[in-house]
Amino acid sequence: MFESLKKKLSRTSDKLEEEIIEEAKQEDNLQEESGNKRSFFSFGRKKKEEIDESKMIEAPEESGEEVKEEKKSRFWSRSKSDDSNEEADDVKESGEEIEEEKEEKSHFWSRNKNKDEDESPEGKGGLFSFVREKTISEKNVEDILWELEMGLLEADVAMEVATEVVESVKNDLVGRRIKRSSDITEYTYNALRSAVAEIIDIPGKSMTEMIEEKKAQGEPLVVMFVGINGTGKTTTIGKLANYYLKKGYTPVIAASDTFRAGAIEQVTYHADNVGVKIIKHQKGSDPAAVAFDAVEHARAQGKELVLIDTAGRMQTNTNLMDEMKKIKRVSNPDLVIFVGDALTGNDATQQAVKFNEAIDIDGVILTKADADSKGGASLSIGYVIKKPIMFLGVGQGYDDIKEYDAEWMLNQLFSEDEGVAIEE
Ligand SMILES: Nc1nc2c(ncn2[C@@H]2O[C@H](COP(=O)(O)OP(=O)(O)OP(=O)(O)O)[C@@H](O)[C@H]2O)c(=O)[nH]1
Ligand SMILES: [Mg+2]
C-alpha cells in the first residue's frame with residue numbers, strides 16, 4: 001500500500017534535505033566529513049556533478065571573517081526566498097544560537113528524542129554532517145506531511161485515520177534532532193510505521209477464546225453476521241464452519257437469510273460441503289425464528305458454535321435494519337460481526353459506522369483482502385468504530401480465512417517497503 005507513497009516521499013525528502021543543508025549552512029552548522037573540503041556547495045549526493053569550482057569556499061573551521069562574508073553573499077545569491085535580510089541576521093547571530101541550541105539539545109535528550117542517534121548511519125552516504133545537530137521544524141516537514149495525507153486518502157484511508165497518522169508522524173518528526181538530513185526519509189518511514197502499528201492494533205479476544213469461555217459454561221457461542229449485499233457473509237460462514245470443525249468444535253449454521261432468492265440453497269450448499277448441520281425454514285419466514293431454533297438446537301446437542309447468516313441489507317433500508325435488530329433481540333448473540341468488503345475501501349468503513357450505530361457490532365471480518373491493493377479499509381475500519389478486526393477473508397476457498405494479526409497486517413501494508421529508499 002505504501003509503495004507509491006514511498007517514492008513520492010523520497011523525492012520530497014530529497015528536497016527537504018537540500019533545505020536543511022541550506023539552513024545548516026546559514027547557521028554555520030555544517031562541516032565536511034570526507035576530507036574533500038572543496039565540495040562545500042555540493043549539497044549532498046546527487047548534485048555533486050553540478051559543482052561550480054568558482055563557488056567553493058573553505059570549510060567553516062578554517063574560515064575567518066573574510067570567508068564568512070563571502071559565504072553570506074553566497075546565501076543571498078542562492079536564496080530561494082525573499083528573507084535575505086533575515087538570513088544575514090541569522091549568520092550574525094550564530095554565536096548566540098549556539099548557546100540556545102545547547103540548551104535545546106539537552107531538553108530533547110531528556111525527552112529521549114534522540115533515540116536513533118546512535119544508529120544514525122554515519123558514513124552511509126553524503127559528504128556532510130552538521131557540526132551541531134539540526135532540529136527538524138514544523139515548516140521543514142509541511143510538504144512531506146501533506147503528501148503523506150494525500151497518499152493515505154488516495155489509498156481510501158478514512159479521513160480521521162489519515163489525520164491521526166499525519167499528526168502522529170508530525171509529532172514524531174518535529175523537534176527530532178538529526179545529524180544528517182538524508183535520515184529524514186528513514187525517520188518518516190519509521191514514524192509512519194509506528195503510527196500505523198498503533199492504529200491497527202485494537203485489542204480484543206479471539207473467537208476461539210470466546211468459544212472456550214462459553215463452553216466452560218455449557219453454552220454455545222452465538223455469532224450473527226451482518227453487512228450489505230454481497231460482501232461475503234455466507235462464504236465467510238462456510239469458511240468459519242470449516243475452520244472450527246477442523247479445530248475440533250461442532251458448529252451449526254442458521255439460514256436466517258430468508259429474504260433473498262437462492263440464499264437458503266446457497267448456505268445449505270456450503271453447510272453440506274463442509275459437513276455441518278444447517279437449521280432452515282421456508283423462504284420468506286421469520287429470520288429471527290430460524291436463529292432462535294439454531295441456538296436451541298446447539299444447546300440441546302451440546303454444539304459449541306452457532307453461525308447465523310443474515311440477508312445483505314443497505315444501511316439506509318429502515319425496514320431491513322429493523323428486521324436485523326429483531327434477529328439480534330431474539331437470538332441474543334454473543335457476537336455481532338460486521339462483514340465488510342475490503343475492495344470497497346472507505347465505503348466499507350462508512351457502512352461499519354452505520355451498522356455499529358444501528359446494532360452495536362462487536363467485531364469485523366474484512367473479506368476479499370486477497371484482491372485489495374489499497375489497504376484503506378484494513379487500516380481504518382477497526383480504528384474508526386473502535387472494534388477489532390477478527391478475521392480476514394483471503395480467497396474464495398473454504399480454507400481462505402485468516403485470524404487477524406496486527407503484526408502480519410503491518411507487514412502486509414508495508415510489504416516491499418522494508419528499508420529506506422534512499423538513492424545514493
Ligand atoms: N476473492 C474473494 N472473494 C470472496 C471472499 N469472500 C467472499 N467472496 C466472494 O464474494 C461473493 C459474494 O459472497 P457471498 O458470501 O455470497 O456474500 P454475501 O454477503 O452472503 O451476499 P448476500 O447474501 O447477497 O448479501 C462470492 O462470489 C464469494 O466467492 C474473499 O475473501 N476473497
Ligand atoms: Mg449471503
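Right above here is the structure, for reference.
Let me sum up the structure you'll find in this document.

What counts as what
Residues numbered from 1 in each chain as written. Chains lettered and ligands numbered in written order. Predicted model: local features only at pLDDT ≥ 70, side-chain atom pairs only at ≥ 80, totals over all residues. Heavy atoms only, no water. Helix = DSSP H or I, 4+ residues; strand = E, 2+ residues; numbered from the N terminus. Expected span 1.5 Å × (residues − 1). Buried < 20%, exposed > 50% of the residue type's maximum accessible area, 1.4 Å probe, protein only. Contact = heavy atoms within 4.5 Å. Axes fitted to C-alpha atoms, helices over the stretch in contact; angles between N-to-C directions. Parallel < 35°, antiparallel > 145°, perpendicular 65-115°, else oblique. Left-handed = near helix turned anticlockwise from the far one by under 90°. Nonpolar A, V, L, I, M, F, W, Y, C, P; charged D, E, K, R; others polar. Near = heavy atom within 4 Å. Polar contact = N/O pair within 3.5 Å; in protein donor to acceptor, adjacent residues only side chain to side chain. Areas by Shrake-Rupley, 256 points an atom, 1.4 Å probe, with all protein chains shown as cover. Pairing = 2+ DSSP bridges. Core = buried A, V, L, I, M, F, W, Y, C linked by side-chain atoms within 4.5 Å. Domains from an automatic or database assignment.

As for helix α13 (residues 346-359)
Here comes step 1: The end-to-end C-alpha distance of α13, which contains 14 residues, comes to 20 Å, matching closely the 20 Å that a straight helix rising 1.5 Å per residue would cover.
Here comes step 2: Listing the buried residues of α13 in full gives Ala348, Thr349, Gln351, Ala352, Val353, Phe355, Asn356 and Ile359.
Here comes step 3: At its buried positions, α13 is contacted by β5 (221-226), α12 (318-331), β9 (335-341) and α14 (376-385).
Here comes step 4: At the exit of α13 stands Asp360, carrying a positive phi of roughly 55 degrees.

Focus: the packing of α12 against α13
Between two packed helices, both the angle of their axes relative to each other and the distance between the axes serve to describe the pair.
Here comes step 1: Two numbers describe how α12 lies on α13: the axes approach to 10 Å, and their chain directions differ by 55 degrees. Accordingly, the angle class assigned to the pair α12 and α13 is oblique. Both α12 and α13 take part in a crossing whose hand is right-handed. Residues Met321, Met324, Lys325 and Lys328 of α12 lie in contact with α13, whose contacting residues are Lys354, Phe355, Ala358 and Ile359.
Here comes step 2: Here the residues of the contact of α12 with α13 are counted per class, giving 5 nonpolar, no polar and 3 charged.

So, the site of ligand 1
Here comes step 1: Close contacts around ligand 1 come from 20 residues, with Gly232, Lys233, Thr234, Thr235 and Gln396 the closest.
Here comes step 2: Contact between ligand 1 and Gln266: an oxygen atom at 2.9 Å from a side-chain N or O atom of the residue.
Here comes step 3: Lys368 is positioned with one of its backbone polar atoms (N or O) 3.0 Å from an oxygen atom of ligand 1.
Here comes step 4: In the complex, the protein chains occlude 82% of the 660 Å² of accessible area that ligand 1 would expose alone.
Here comes step 5: The element contributing the most residues to the shell around ligand 1 is helix α9 (residues 233-246), with 4 residues.
Here comes step 6: The residue makeup of the shell around ligand 1, split by class, is 2 nonpolar, 12 polar and 6 charged.

Examining the sheet that holds β5
Here comes step 1: Strand order in the open sheet made by the 8 strands is β7-β6-β8-β5-β9-β10-β11-β12, with mixed pairing throughout. Edge positions in the sheet fall to β7 (277-279) and β12 (401-403), since each has one partner strand and no second. Across the sheet, the mean angle from the axis of one strand to that of its neighbour is 25 degrees, orientation sign disregarded.
Here comes step 2: One ladder, built from 4 bridges, connects β5 with β9; its direction is parallel. Among the inter-strand pairings, Val223 is bridged to a residue of β9, identified as Leu335.
Here comes step 3: On the sheet, helix α8 (residues 207-216) packs against β5, β8 (305-310), β9, β11 (389-393) and β12 and is oriented at approximately 140 degrees with respect to β5.

Section: the nonpolar core
Here comes step 1: Val161, Val169, Ile200 and Leu379 are the most contacted members of the largest nonpolar core, which has 71 residues in total.
Here comes step 2: Each of two domains, domain 1 (3-200) and domain 2 (207-406), supplies a minimum of three residues to this core.
Here comes step 3: Apart from residues no more than four positions distant in its own chain, Val169 is found in contact with Leu145, Leu148, Thr188, Ala191, Leu192 and Ala195.
Here comes step 4: By size, the runner-up hydrophobic cluster in this structure holds 29 residues, among which are Tyr244, Ile253, Leu305 and Leu335.

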